[in-house]
Amino acid sequence: MKSGEVEGLSSLKRKSFPIAKGAIALLLLLLLFVGAVPSYLKGKWSWVKPPNIENLKEIKSITDNGIDLPGWKTIEQAKLRIGGHKWSAQTITQEDRKPIVLLLRPPNDHKGQPEVEWMDIAGVEKWKIDSLRKLAQTVETENASIPVTARFFKAWTDRDTFAVVQWYAWSTAGNPAPSQWFFADQRAQLNRERRPWVAVSFKIPIDPLKDRDIETIRPFAESLTQQIQKTLVKDFLSPNHA
């Protein structure tokens, strides 16, 4: 090998060394982040003590009492245990519609966080699921327009078929992904605030033949999602509602 070739190779190695150090540093930061997030999700916030949820007691009352939805009548409300957590199971009706079952779970304490609620419900209900898609819209509250995205899918058992909507509601948004709430809560903590949340799941009875495509149910599902989100924000989740 010629001396010029050896010299060129050495020069390339010298130029690559800072890049390698940068990659290692980035990898260490990534490992730190990946290690920190599970600790947070387990409630082990070793690096910071988060502020308390000011009106936690009021939010927790949802489990015992459910919520009052304008234009809807509550036929029955009970407390259920699903996946180790307490839920409000509320049967609501409106005019000639078949009753709809609304499940709500608030956090149990100041460190409570979304977990695997959707898997827990599907397991208890023994659902078969298909046609999973997003139901995304903007919900107009008293103080702001907030983005709300929910899981929207068809679920059925040997006896019944439903269109199901599920999401986590908080004061500034709604989303079915726990990570979205996590980052919203972290941003709020920078101002010594919190983003209390409520897990929401409701099922709409449908005709498996007539409503084979659940898009026929979308407008009604969107309307009910808006009503629930607005009620939760107004009566429980708003920062000034304490």
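Before reading further, recall that the structure is shown in the block above.
Nothing here was measured: the structure is a model prediction, and the numbers come from that model.

Draft legend 1. How the structure looks around the overall build of the protein. Summing up its helical and strand segments, the protein has five helices and eight strands in all. Scanning the protein from its N terminus toward the C terminus, one meets helices and strands in the order α-α-β-β-β-α-β-β-β-β-α-β-α. Out of the 242 residues in the protein, the part that is buried amounts to 42%. Within the protein, contacts between residues separated by at least 24 positions form 66% of all contacts whose residues are at least 6 apart in sequence. Total accessible area on the protein stands at roughly 14,000 Å², and carbon and sulfur atoms take up 56% of it.

Draft legend 2. Representation of the pattern of salt bridges. In this structure the tally under the stated criterion is eleven salt bridges. When the shortest N-O distance is used, the salt bridge between Lys79 and Asp64 registers 3.0 Å. Of this pair, Lys79 sits in strand β1 (residues 73-82) while Asp64 is found in helix α2 (residues 56-65), placing the two residues 15 residues apart along the sequence. The partner of Arg218 in a salt bridge is Glu222, and the shortest N-O contact between them spans 3.8 Å. Taken together, the residues span about one helical turn, with Arg218 and Glu222 both in helix α5 (residues 218-237) at a distance of four residues.

Draft legend 3. A look at the pairing of strand β4 (residues 128-140). As judged from the eleven bridges shared by β4 and strand β5 (residues 145-156), these two strands associate in the antiparallel manner. Opposite Asp130, over in β5, you have Lys154 as the bridge partner.

Draft legend 4. Focus on the packing of α2 against α5. Remark: α2 packs on α5, axes separated minimally by 10 Å, with the N-to-C direction vectors making an angle of 130 degrees. Here α2 is positioned oblique relative to α5, judged by the angle of their axes. Here Glu58, Ile59, Ser61 and Ile62 of α2 lie close against α5, whose contacting residues are Leu232, Asp235, Phe236 and Leu237. The residue inventory of the contact of α2 with α5, partitioned by class, reads five nonpolar, one polar and two charged.

Draft legend 5. Quick peek at α2. Considered for burial, the residues of α2 that qualify are Leu56, Ile59, Ile62 and Thr63. Projection of α2 onto a plane perpendicular to its axis shows the buried side chains occupying an angular sector of 100 degrees, all on one side. The exposed set on the far side of α2, more than 90 degrees from its buried face, consists of Lys57 and Asn65. At the C-terminal side of α2, Gly66 shows a positive phi close to 70 degrees.

Draft legend 6. Geometry of helix α4 (residues 178-189). Relative to the 16 Å expected for twelve residues at 1.5 Å per residue, α4 spans 17 Å between its end C-alpha atoms, a close match to the ideal helical length. Looking only at α4, the buried set comprises Trp181, Phe182, Ala184, Asp185, Ala188 and Gln189.

Draft legend 7. View of the packing of aromatic side chains. With the rule as written, the count across this model stands at seven aromatic pairs. Between the aromatic rings of Trp127 and Phe153, the centroid separation amounts to 6.1 Å while the plane-to-plane angle is 70 degrees, which identifies the pairing as edge-to-face. Of this pair, Trp127 sits in the loop between α3 (117-125) and β4 while Phe153 is found in strand β5, placing the two residues 26 residues apart along the sequence. The two residues Trp127 and Phe153 agree in class, both being buried. Between Trp167 and Phe202, the aromatic rings sit 6.3 Å apart at their centres with planes inclined by 90 degrees, giving edge-to-face as the arrangement. Residue Trp167 is located in strand β6 (residues 161-170), and its partner Phe202 is located in strand β8 (residues 198-205); the two are separated by 35 residues in the primary sequence. Per residue, the accessibility class of Trp167 equals that of Phe202, and both read buried.

Draft legend 8. Broad picture of the pairing of β1. Note: β1 against strand β2 (residues 85-93), nine bridges, orientation antiparallel. Across the sheet, Leu80 pairs through a bridge with Trp87, a residue of β2. Connecting β1 to the next strand, β2, in antiparallel fashion are two residues, including Gly83 with a positive phi near 60 degrees.

Thresholds, definitions, all that
Residues numbered from 1 in each chain as written. Predicted model: local features only at pLDDT ≥ 70, side-chain atom pairs only at ≥ 80, totals over all residues. Heavy atoms only, no water. Helix = DSSP H or I, 4+ residues; strand = E, 2+ residues; numbered from the N terminus. Buried < 20%, exposed > 50% of the residue type's maximum accessible area, 1.4 Å probe, protein only. Contact = heavy atoms within 4.5 Å. Areas by Shrake-Rupley, 256 points an atom, 1.4 Å probe, with all protein chains shown as cover. Salt bridge = Lys/Arg side-chain N within 4 Å of Asp/Glu carboxyl O. Pairing = 2+ DSSP bridges. Axes fitted to C-alpha atoms, helices over the stretch in contact; angles between N-to-C directions. Parallel < 35°, antiparallel > 145°, perpendicular 65-115°, else oblique. Nonpolar A, V, L, I, M, F, W, Y, C, P; charged D, E, K, R; others polar. Arc of directions from axis to C-beta. Expected span 1.5 Å × (residues − 1). Phe/Tyr/Trp six-rings, centres within 6.5 Å; stacked < 30°, edge-to-face > 60°.

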